[in-house]
Amino acid sequence: MADDGKTFEIELMRQGIFADQHDRVTAVDTTLIRDLADSYDETASPAPLVLGHPSSNHPAYGWVKSLTERGGKLFAQVGQVPEVLREAVRDGYYRKCSASWYLPENPNSPNPAKHYLRHVGLLGAAVPAITGLA
């Protein structure tokens, strides 16, 4: 996670086939990565930065400003992150992250025609489904 004092850049996703903690298998390809980057609209529906994967209305510790695809990977620029959380990341308490997204045709999605980022979870001891990220 790169930190410029104002935003974090987080590597969220890379290409491959991955199984989550519930053994659900997901194939991530360039189409999915581009879909997520292209569909994201911070002004319409910003995705929160959260701790873990919340099951209900937990606090947001920042907000995704933008998504970009570079070299077959998805990156998020995250802002409004409190200094205490920045320090926890720098000190290694949260070394991994995990993206959650809406699938197309989900009626709760801000853009049901496409994949759309739901939230970015910072992980402590949990292993993310997509490993090998910076």
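You'll find the structure just up there.
Residues numbered from 1 in each chain as written. Predicted model: local features only at pLDDT ≥ 70, side-chain atom pairs only at ≥ 80, totals over all residues. Heavy atoms only, no water.

Colleague: Help me get a handle on the pattern of salt bridges, residues and values and all.
Modeller: Per the counting criterion, the structure on display carries 6 salt bridges. The partner of E42 in a salt bridge is K65, with the nearest N and O atoms 3.2 Å apart. One end of the pair, E42, is in the loop between α1 (30–39) and β5 (49–51); the other, K65, is in strand β6 (residues 63–70), with 23 residues separating them in the sequence. (Salt bridge = Lys/Arg side-chain N within 4 Å of Asp/Glu carboxyl O. Helix = DSSP H or I, 4+ residues; strand = E, 2+ residues; numbered from the N terminus.)

Colleague: Explain the packing of aromatic side chains to me, and be specific about the residues and the numbers.
Modeller: Applying the stated criterion to the full structure yields 1 aromatic pair. Geometrically, the ring pair formed by Y40 and Y116 is stacked, given 5.6 Å between the ring centres and 25 degrees between the ring planes. One end of the pair, Y40, is in the loop between α1 and β5; the other, Y116, is in strand β9 (residues 116–123), and 76 residues separate them in sequence. Pair check on accessibility: Y40 and Y116 agree, each one buried. The positively charged end of R118 is found above the aromatic ring belonging to Y102, 4.1 Å away from the centroid. (Phe/Tyr/Trp six-rings, centres within 6.5 Å; stacked < 30°, edge-to-face > 60°. Buried < 20%, exposed > 50% of the residue type's maximum accessible area, 1.4 Å probe, protein only. Lys NZ or Arg CZ within 6 Å of the ring centre and 35° of its normal.)

Colleague: I'd like a description of the pairing of β9, backed by residues and values.
Modeller: Here β9 lies mainly inside the structure; 7 of its 8 residues are buried. Relative to β9, β5 runs parallel, the two sharing 3 bridges. Of the residues in β9, the one forming a bridge with L49 is V120. Note that strand β8 (residues 96–102) and β9 share 7 bridges and pair antiparallel. (Pairing = 2+ DSSP bridges.)

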